[in-house]
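Structural characterization, general
Listed below are the residues making up each chain.
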Amino acid sequence: MAEFPTLGEHCQWSECNDLDFLPIVCQFCRKTFCKVHFLPETHKCESTPNKQTDVLEKTDARYKCGVDQCSKWELAPVLCHFCQLQVCLSHRHQSDHTCSQLAPKEIPMKSTKALVSSILKDNQEKPVPGKKKKLSKAAQKTAAKVQLMKLKMKSRGQTSLPETERIYFLVEPPKDDGKPGTGCFVSKQWSLGKITDTLADLSGTKNENNVSGARKLRLFRKDGELLSKDMETRLTDLLDSETIFNGDTILLDYA
């Protein structure tokens, strides 16, 4: 077999010296090695640059954070895009370094809506103390019918009165008495004077209508309107004119 003495080169690693037909040149020491020892670490290349030294040389510059009482620094400049202050990564946001160009936060729409609703609610007309809103005739009649069913189950009055004459009321005594309302029934043929005296007895309300100079008990609608100045007015007349309804609420108070 023919020999080719000039083909290939011997590996220059002292412990190898193998002939390699495709030798590789080290990029640092420029010596020739076989495929096993061509890497710098395998032939202990002495020309390999010191990576640690290079890193140290490149990182001599330090960029200290400009936020008061912050001792952190960065290897590269970190500038706020708005105020151009040099900061560390911990203070890179505007709110973190109290940026002078930080725009005030806008109130969320949900909070604004709640605020408007609150203002509108406060500005609504408040009811006048002692005087309730007057309902329509239809509304009064409906409310009285509903309440009448409850009053018929538990009300006080003269048991001798025929059922056809009985008119039921929820009687609220004077506020100063601090007593709850009482269900009572009277005769539709009675006058307001007799009804007042009867309701005062049934509710335990002090009645000095026959005493000269004393406060006089009177009957009022739920909205605070006096039923009638004439105490001789019969209840049936007030019912016919729909001034009051069977099952209504009336106030027993001093005029």
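Residues numbered from 1 in each chain as written. Predicted model: local features only at pLDDT ≥ 70, side-chain atom pairs only at ≥ 80, totals over all residues. Heavy atoms only, no water.

**Side note on the sheet that holds strand β9 (residues 217-221)**
Taken together, the 4 strands give an open sheet; going across it, the order is β8-β7-β10-β9, and neighbouring strands pair in mixed fashion. Across the chains shown, the open sheet's two edge strands, defined by having one partner strand only, are β8 (182-187) and β9. In this sheet, neighbouring strand axes are inclined to one another by 40° on average, regardless of whether the strands run parallel or antiparallel. Two strands pair when backbone bridges link them, and β9 and strand β10 (residues 249-254) are joined in this way by 5 bridges, in the antiparallel orientation. Within the sheet, the bridge partner assigned to R218 lies in β10 and is D253. In the packing of helix α3 (residues 137-153) onto the sheet, contacts are made with β7 (166-172), β8, β9 and β10, and the angle to β7 comes to roughly 95°. (Pairing = 2+ DSSP bridges. Helix = DSSP H or I, 4+ residues; strand = E, 2+ residues; numbered from the N terminus. Axes fitted to C-alpha atoms, helices over the stretch in contact; angles between N-to-C directions. Contact = heavy atoms within 4.5 Å.)

**A word on the environment of P174**
With respect to the helices, strands and loops of the structure, P174 is situated in the loop between β7 and β8. Its relative accessible area of 2% is what places P174 among the buried residues. The spatial distance from the C-alpha of P174 to the C-alpha of D253 is 4.8 Å, given a sequence separation of 79 residues. Those residues in contact with P174 that lie beyond four places of it in its chain are T205, L252, D253 and Y254. (Buried < 20%, exposed > 50% of the residue type's maximum accessible area, 1.4 Å probe, protein only.)

**Here's the deal with α3**
Here α3 contains 17 residues, and its C-alpha end-to-end distance of 25 Å stays within 8% of the 24 Å for a straight helix at 1.5 Å per residue. As for α3, its buried residues are in contact with β7, β8 and β9. (Expected span 1.5 Å × (residues − 1).)

**Some thoughts on the nonpolar core**
Soluble globular proteins: nonpolar side chains tend toward being buried together. Counting residues in each nonpolar core, the largest one holds 26 residues, and the members touching the most others are F169, L199, L219, L235 and I244. Looking at this core, the elements with two or more residues in it are α3, β7, β8, α4 (192-203), β9, α5 (235-240) and β10. Looking at this core, the element that brings in the most residues is α4, giving 5 residues. For L219, the residues in contact, after removing those within four places along its chain, are L192, I195, T196, L199, L226, L227, I250, L251 and L252. (Core = buried A, V, L, I, M, F, W, Y, C linked by side-chain atoms within 4.5 Å.)

**Remarks on a nonpolar patch on the surface**
Taken together, the side chains of L7, L19, F21 and L22 make up a nonpolar region of the molecular surface, amounting to roughly 440 Å² of accessible area. Positionally, L19 belongs in strand β2 (residues 19-20). Given the relative accessible area of 43%, L19 is considered partly exposed. (Patch = residues over 30% accessible without salt bridge, like charges linked within 9 Å, V, L, I, M, F, W, Y side chains within 5 Å. Areas by Shrake-Rupley, 256 points an atom, 1.4 Å probe, with all protein chains shown as cover. Salt bridge = Lys/Arg side-chain N within 4 Å of Asp/Glu carboxyl O.)

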